[in-house]
Amino acid sequence: CRVNDSLLEKITSELKNDGLDAIEVYYPSYTEAEKKFIKHLAKKYSLAHSGGSDFHGDIKPGLDLGTGYGKLQVPYDILEELEKLRR
């Protein structure tokens, strides 16, 4: 279920107030516009970036572990950024 930008920002703001540390910037079905807006939210709310292929086994045919639908690339420095949050 997609939400509009203003609702996503409201939810992000509320979750940040409740302790949110990161937001999923890299996701297989995000458009470039969606990724750009989520990066904007990450910067505005001082959130680390995260990403994932959304792989859950055979329930999504064609979606592969680590690459999504074949084009997903999550930069390695994202892992380093998330590891800093654990400390």
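Given the structure is predicted, the values throughout are model-derived calculations rather than measurements.

J.: Just to check I follow, could you spell out the side chain of S50 for this structure?
T.: Take S50: it is sitting in strand 2 (residues 48-51). Apart from residues lying up to four places away in sequence, S50 is in contact with I23, E24, V25, Y26, I78 and L82.

J.: Is there a simple way to explain the pattern of salt bridges in this structure?
T.: Any two side chains of opposite charge can pair if their charged atoms end up close together. Tallied over the entire structure, the rule returns four salt bridges. Put simply, K10 and E14 hold a salt bridge, and the shortest N to O gap is 2.7 Å. Of the two residues, K10 and E14 are both situated in helix 1 (residues 5-17); the distance of four residues between them amounts to about one turn of the helix.

J.: Sorry if this is basic, but what is going on with unusual backbone geometry here?
T.: Most of the time, phi is negative for any residue but glycine, and the peptide bond is trans. A positive phi angle, close to 50°, is found at S46, a residue other than glycine. Along the chain, S46 turns up in the loop between helix 2 (32-44) and strand 2. S46 sits in the exposed class, given a relative accessible area of 57%. A positive phi angle, close to 65°, is found at D54, a residue other than glycine. Here D54 is to be found in the loop between strand 2 and helix 3 (76-86).

What counts as what
- Throughout this description, residue numbers start from 1 for each chain and increase along the sequence as written.
- Confidence filtering applies because this is a predicted model: local features only for residues at pLDDT of at least 70, side-chain atom pairs given and counted only at 80 or more, and all residues used for totals across whole chains, interfaces and linings.
- The side-chain figures draw on all heavy atoms in the structure; neither hydrogens nor water molecules are used.
- The numbering of helices and of strands both runs from the N terminus, where a helix is a DSSP run of H or I of at least 4 residues and a strand a run of E of at least 2.
- It only takes one pair of heavy atoms within 4.5 Å for two residues to be counted as in contact.
- Any carboxyl oxygen of Asp or Glu within 4 Å of a side-chain nitrogen of Lys or Arg constitutes a salt bridge here.
- Burial classes: relative accessible area under 20% of the type maximum marks a residue as buried, over 50% as exposed, and values in between as partly exposed (1.4 Å probe, protein chains only).

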